[in-house]
Amino acid sequence: MSTPEMKTVMEAPASQRELTLGEAIKEALAEEMRRDPRVLILGEDVAEAGTVFKVLSGLSTEFGTDRVIDTPISEAGFTGLAVGAAMTGLRPVVDIMFGDFIALVMDQMANQAAKVHYMSGGKWKVPLVMRTTLGASRRSAAQHSQSLHAWFSHVPGLKVVLPSTPYDAKGLLKSAIRDDNPVVFFEDKMMYRLKGTVPTEEYTIPLGVADVKRSGDDITLVATSSMVQVALAAAKMLEDIGISAEVIDPRTTWPLDEETLIESVKKTSRAIVVDEGYARYGVTAEIASVIAEGAFHYLDQPVKRIGAMHVPIPFSPPLEDATVPTEQMVFEAARSLCRRS
Amino acid sequence: MSTPEMKTVMEAPASQRELTLGEAIKEALAEEMRRDPRVLILGEDVAEAGTVFKVLSGLSTEFGTDRVIDTPISEAGFTGLAVGAAMTGLRPVVDIMFGDFIALVMDQMANQAAKVHYMSGGKWKVPLVMRTTLGASRRSAAQHSQSLHAWFSHVPGLKVVLPSTPYDAKGLLKSAIRDDNPVVFFEDKMMYRLKGTVPTEEYTIPLGVADVKRSGDDITLVATSSMVQVALAAAKMLEDIGISAEVIDPRTTWPLDEETLIESVKKTSRAIVVDEGYARYGVTAEIASVIAEGAFHYLDQPVKRIGAMHVPIPFSPPLEDATVPTEQMVFEAARSLCRRS
Amino acid sequence: MAKKTKKTSEPELSTAGKSDHLLQMYRQMLAIRFFEERVNDLYTRAIMPGLAHLYIGEEAIAVGICSALRSDDYITSTHRGHGHCLAKGASPDRMFAELLGKEAGYCRGKGGSMHIADPATGNLGANAIVGGSAGIATGAAFSAKRLGNGRVAVCFFGEGALGQGVLYETMNLAQLWKLPVIYVCENNTYNEYTHYSETTAGDVLARPRAFGIFAERVDGQDVRAVYVAAKSVVDKARNGDGPAFLLCDTYRYRGHHVGDVSREYYRSKQEEQKWVSERDPIKFFGDWLIAEKHADTAQLQKISAEVASNIDAAVQFAMAAPFPETREVQQDVYA
Amino acid sequence: MAKKTKKTSEPELSTAGKSDHLLQMYRQMLAIRFFEERVNDLYTRAIMPGLAHLYIGEEAIAVGICSALRSDDYITSTHRGHGHCLAKGASPDRMFAELLGKEAGYCRGKGGSMHIADPATGNLGANAIVGGSAGIATGAAFSAKRLGNGRVAVCFFGEGALGQGVLYETMNLAQLWKLPVIYVCENNTYNEYTHYSETTAGDVLARPRAFGIFAERVDGQDVRAVYVAAKSVVDKARNGDGPAFLLCDTYRYRGHHVGDVSREYYRSKQEEQKWVSERDPIKFFGDWLIAEKHADTAQLQKISAEVASNIDAAVQFAMAAPFPETREVQQDVYA
Ligand SMILES: Cc1ncc(C[n+]2csc(CCOP(=O)(O)OP(=O)(O)O)c2C)c(N)n1
Ligand SMILES: Cc1ncc(C[n+]2csc(CCOP(=O)(O)OP(=O)(O)O)c2C)c(N)n1
Ligand SMILES: [Mg+2]
Ligand SMILES: [Mg+2]
């Protein structure tokens, strides 16, 4: 287990420091760019501006503007270019500012990048990373707040990563960059300032391995990205009423570490899946189905799913707040599953 | 219940005739275009060619080439144009030849069409129908064989229709055209020649109402689009070994008629969900979750999901055939769920 | 883009004509300027949720273009859309209400700054996807032609949208089908924090022209020049001559959005100062109005005072207005 | 597009030079023609699964362009890609094997007619998405420039791809970054069953030129003209002068795909006949070879016989080859 929760209980040893998730991502990129000259960054306002979220600020100074490259506002065009570049000797990391804009690159990612290796009988490879964002609550309205990772998770040939801590973000991003397949890396905009301890020495985290963020016996809370923080907060509330919740972060929706999820639920016999994507036909459906099938005879309650309310995301604060899963919602759901009230 | 199976047992009365699914779709379009001058068709090779599947042949003769309009190969462009046209007094029916190409219109559909009504506080409407296709087995390889309806099903603001019979296709398409929302209508390329009885008198079928294609007691087979035919064939095989299968076609993935699905499984206590989309993070996951939650205490086996093999669709016939759900697979799965062997 | 900006000669000016019309344009430019200043103020005082992209410095374009439109003509707008919406006839009170997420807002608070829409003024909606409204505007022109209602659609976008392929797809359709749509490119020289010369190859005007679309460069700081250019292409489009493209040179005085305050890393204070002091569209137009005796200083001050109190009242209205009921969140997903 | 096709003058011709090179081009054109005829035959005999889009009539373009390329240069191809793949060096036996879905095929049978790819000959892959390879080709050019390996990338596409916005996005990138990519537009005048004049507004050459890209129109039935035009832009690109665009006028003799047999509803038999009898690239080139004494009739017949038996052998190979094992279906989803 490797979470801020865990680390902060002990004095952080000399070999670690506190980083924000944004800093951890920048560090992963910088380390990989130093290690491998084929790695470069393409995106809108990534160079001097360091992206609109300032996550990359400083990278263009160290690596120059021909490895941290500002592009026109042509998501399909520069993603397609990156696919070709990845096939021919480079390892591009493409930056898609808001996750909503992946709607513009679905052909390049799903019809091209995801299929090139298979269609060519295994001859061409596409070592491409697409970094993009998800998450609402920023009062950015319907076209700048979506969490659309379910679309990519549905496409064979892609891998999909959703880090929930600075530690995971760094280790997973380094693995994604070294992976020979197209990998989409979703960062929650609201988590860029989330702090956590990160070792100074190098490490990577394999794609496809879930992480138990907190262990417990009464109920399993499966959560992705920022919902992991929501689940951990709910777990604390549950502890106060005597319910011991286990929190599991799959970390990658594809590949999916089914075994860890199923084993946990076999132990707890209750599960809630929390994800910030739209509630219907999303990530919670797949994970809930995997659990319901794999732990069927152990479940004493149906697997409960909690996603973003199934509506376009409204601007008005009281309305937007009503669409996002909260620790209170998770707490209530868990309490009723555990029949405590 | 309204299926070829049902109808063909009786002498088709004078008020019905046999039509192919393609003919039923053309008839629905023709009737609605006669009824409402605001309805028009936009797409590639839709006019004289009547589309590559010849489904629309003859329509341009009756309605002229300014209501059946050939477009450039600009899926995003003419879909966007149709969104604007729908907002301002027309009711366009857009034709996207192969379902794989919806990857090019995700922004226009998911970020624009689906959200205009909500973002405008209910002021603007988008009465748009997008007709497109799904289904493999045509030896068309990875970019011309996908069933990507899960993407649209995930997006609030859109409705998604998957007809499985000529009767349903006609009635559902007429409702889709009269609907004031953007509706995506998926047609299985392999079903265009499927025959079924269709009344001569006019009728419509509401969106959001599942249809019991065959009733049974031992197991519920939920199937979409061409998988309904697969499920019905499997049901026949099951009958021979004494298993009575109920076959339910949701007909629309959104809105989803949850009640009909859940009630059936409460009766049968076993369920298999069959859909031709990729197996993971697809339509089967949502439907299985709905059933697992809604009929939890009635299920005596986990809900089984059968989708297309989770790989890009290969060209080579023996390989492609291995990716598509078959009646044999459904039969085997049902038999083992019913513990007969 | 060497082509020199077209001087607006007297005969054309007469098209712009009468003083009241000119003063109305002046009033609208001021209204936009004051509106945006209050938006910035509401943001800095943490009263406005989220962000906003201010139109300050670019007012002459929205006003010049919309003055050439009928009230039933259509526009589509952008993330930097307040000016377009106001110029097309939106009222500041319901605009502010929308920016504050209030039920009285144009979209009942559901849209916010980037999604103001209003059928009553032909506003098909601002759009937060760069280039995202090219299809919608072209489609509205398609309807206008089909229905024969004589309407014209204007598609406003920044030069950054030249990077979106859908713009070329729709320009091709518009010219093929001779649709009454005017593409108005507001070239304020920056795509967010990147100078457009780093993102834009070749000659911008040559792009629409390659599709056979009439295209003209206009001084976006001169409301009369914009009006004259707009009037001529709008009238032509209305008469069935098809689409046109106007490239309007301009500059945004403020940050890309209200939070973009330290900008030296991408543009110099001097550059900003030069535009503000030498090319301000409101001052330029005001001076001209006085010089040409369409108004005197007192009149302009009176207008300014009226607009200011109008904007004050609008802010008061919006701040006092209630938020929508939470249950509204599930309304209007489907018609 | 009134611009007259450029006459290939003697000095340029000398670039094309030596007889053996010329005869090699002739051999390749024949190989493509015979290959495609066999594809059609395999389809009509129901031996080939699915469909195929024949390149017959357009051979001079693939051969003229690829003759100007190094073997390590890159190409991307289209749904009508057999000619490009062969011209870039693919061998007919493994091509046929792929078309029949056999394990010996270039993609182990997984790709089929529309997805032939072969790193050994720089073939990044045919693409079944119209315009779908514009990004890939431009990206390969991006790598070539970054890695300084002196390679050039050629992006083949039909005029129908002019409808895809991504083409304009990538041309803008290519010119901004001066990438060594050549966009080769094969204008056979039909997008499937629709004449390109119904789908294409304005002047095609003006489109790349608007982005500052050198663009030239070439007679796609004259392999020497294509070669000369290609050689010059490829050399320039290799020397760092950036992208270019070649518009090659041509015609497909057969249907859009092998199943498109009755075509009168979209084009006349006379039109087809005119191209076949008056503009055939192979006959045109063969006559010239003889007239210019690069070969005599006997030599050309000998070449023809060799190619024919070569193609026969290739078909035999492919038909005898086994299908992949079914378990292969789950291989190569991930690297
Ligand atoms: C498709 C898309 N990509 C990126 C963005 C993020 N973004 C918002 S505004 C902007 C710059 C737009 O520049 P321009 O079109 O010139 O308009 P301006 O802001 O200068 O008025 C960008 C990149 C977006 N909203 N949509
Ligand atoms: C994005 C996309 N839209 C539509 C199609 C269907 N389609 C296949 S080939 C074709 C026509 C292409 O015409 P052109 O580019 O001129 O190539 P040609 O067939 O004439 O060689 C179309 C529309 C496709 N494959 N991809
Ligand atoms: Mg700008
Ligand atoms: Mg063509």
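Residues numbered from 1 in each chain as written. Chains lettered and ligands numbered in written order. Predicted model: local features only at pLDDT ≥ 70, side-chain atom pairs only at ≥ 80, totals over all residues. Heavy atoms only, no water.

### Points about the site of ligand 1
Link 1 in the chain: Around ligand 1, the surrounding shell holds 22 residues, and the nearest of these are Glu 75 of chain A together with His 79, Arg 80, Ala 128 and Asn 188 of chain C.
Link 2 in the chain: Lying at an intersection of chains, ligand 1 is approached by residues of chains A and C.
Link 3 in the chain: Residue Asn 188 of chain C places a side-chain N or O atom 2.8 Å away from an oxygen atom belonging to ligand 1.
Link 4 in the chain: Considering only residue class, the shell around ligand 1 consists of nine nonpolar, eight polar and five charged. (Near = heavy atom within 4 Å. Polar contact = N/O pair within 3.5 Å; in protein donor to acceptor, adjacent residues only side chain to side chain. Nonpolar A, V, L, I, M, F, W, Y, C, P; charged D, E, K, R; others polar.)

### Overview of the coordination of the magnesium ion (ligand 3)
All names here are of chain C.
Link 1 in the chain: Ligation of the magnesium ion (ligand 3) by protein atoms is provided by Glu 159 (OE), Glu 159 (OE), Asn 188 (OD1) and Tyr 190 (O), these donors lying 2.1 to 2.5 Å from the ion.
Link 2 in the chain: Each of the six donor atoms around the magnesium ion (ligand 3) contributes to a set of angles spanning 54 to 170°, which defines the coordination as irregular.
Link 3 in the chain: Here the donor residues for the magnesium ion (ligand 3) map to a single chain with the spacing E-x28-N-x1-Y. (Donors = N, O, S within 2.8 Å, 3.2 Å for Na, K, Ca; no water. Tetrahedral: all angles 85-135°; square planar, octahedral: opposite > 155°, others 65-115°.)

### Describing the sheet that holds strand S12 (residues 252-254) of chain B
Backbone-to-backbone hydrogen bonds pair the strands of a sheet. The strands run either parallel or antiparallel.
All names here are of chain B.
Link 1 in the chain: Within the open sheet, the seven strands sit side by side as S3-S2-S4-S5-S7-S6-S12. Their pairing is mixed. Pairing within the sheet leaves two strands with one partner each, and these edge strands are strand S3 (68-70) and S12. The average undirected angle you get between the axes of adjacent strands in this sheet is 20°.
Link 2 in the chain: Lying on the sheet, helix H4 (residues 75-87) is in contact with strand S2 (39-43), strand S4 (91-96) and strand S5 (129-134); it crosses S4 at an angle near 165°. (Pairing = 2+ DSSP bridges. Helix = DSSP H or I, 4+ residues; strand = E, 2+ residues; numbered from the N terminus. Axes fitted to C-alpha atoms, helices over the stretch in contact; angles between N-to-C directions. Contact = heavy atoms within 4.5 Å.)

### Overview of the interface of chain C and chain D
A common way to state how big an interface is: give the accessible area lost once the parts meet.
Link 1 in the chain: Taken together, the contacts link 20 residues of chain C with 20 residues of chain D.
Link 2 in the chain: By the criterion of area lost to chain D, the three top residues of chain C are Leu 176, Ala 201 and Ala 210 of chain C, representing 32% of everything that side buries.
Link 3 in the chain: At the junction of chain C and chain D, the tally comes to zero salt bridges.
Link 4 in the chain: Along the contact surface separating chain C from chain D lie 10 residue pairs in polar contact (both at pLDDT 80 or more). (Buried area = accessible area lost by both parts, 1.4 Å probe. Salt bridge = Lys/Arg side-chain N within 4 Å of Asp/Glu carboxyl O.)

### Focus: the packing of helix H2 (residues 19-44) of chain C against helix H5 (residues 92-99) of chain C
Residues and elements named next belong to chain C.
Link 1 in the chain: Put simply, H2 and H5 touch, their axes get as near as 12 Å, and they point 25° apart. Relative to H5, H2 is oriented roughly parallel. In this structure, H2 crosses over H5, and the sense of that crossing is right-handed. Residues Phe 35, Arg 38, Val 39 and Leu 42 of H2 touch H5, and the partners they reach there are Pro 92, Met 95, Phe 96 and Leu 99.
Link 2 in the chain: When the residues that make up the contact of H2 with H5 are grouped by side-chain class, the tally is seven nonpolar, no polar and one charged. (Parallel < 35°, antiparallel > 145°, perpendicular 65-115°, else oblique. Left-handed = near helix turned anticlockwise from the far one by under 90°.)

### Overview of the confidence of the model for chain A
Link 1 in the chain: Per-residue pLDDT for chain A has a mean of 95; in total, 96% of the residues score no lower than 70.
Link 2 in the chain: Segment residues 1-10 of chain A is flagged for pLDDT under 50; beyond a separation of four residues in sequence, or across chains, it makes 25 contacts in the model. (pLDDT = per-residue confidence, 0-100.)

### Describing helix H2 (residues 21-35) of chain A
Link 1 in the chain: When the terminal C-alpha atoms of H2 of chain A are compared, their 21 Å separation across 15 residues agrees well with the 21 Å that a helix rising 1.5 Å per residue should span.
Link 2 in the chain: Of all the residues in H2 of chain A, the buried ones are Leu 21, Gly 22, Ala 24, Ile 25, Glu 27, Ala 28, Leu 29, Ala 30, Glu 31, Glu 32 and Met 33 of chain A. (Expected span 1.5 Å × (residues − 1). Buried < 20%, exposed > 50% of the residue type's maximum accessible area, 1.4 Å probe, protein only.)

### Some remarks on the site of ligand 2
Link 1 in the chain: Around ligand 2 sit 22 residues, and of these Glu 75 of chain B together with His 79, Arg 80, Ala 128 and Asn 188 of chain D come closest.
Link 2 in the chain: Separating an oxygen atom of ligand 2 from a backbone N or O atom of Ala 161 of chain D is a distance of 3.5 Å.
Link 3 in the chain: Here Asn 188 of chain D contributes a side-chain N or O atom positioned 2.8 Å from an oxygen atom of ligand 2.
Link 4 in the chain: Here the shell around ligand 2 is composed, by residue class, of nine nonpolar, eight polar and five charged.

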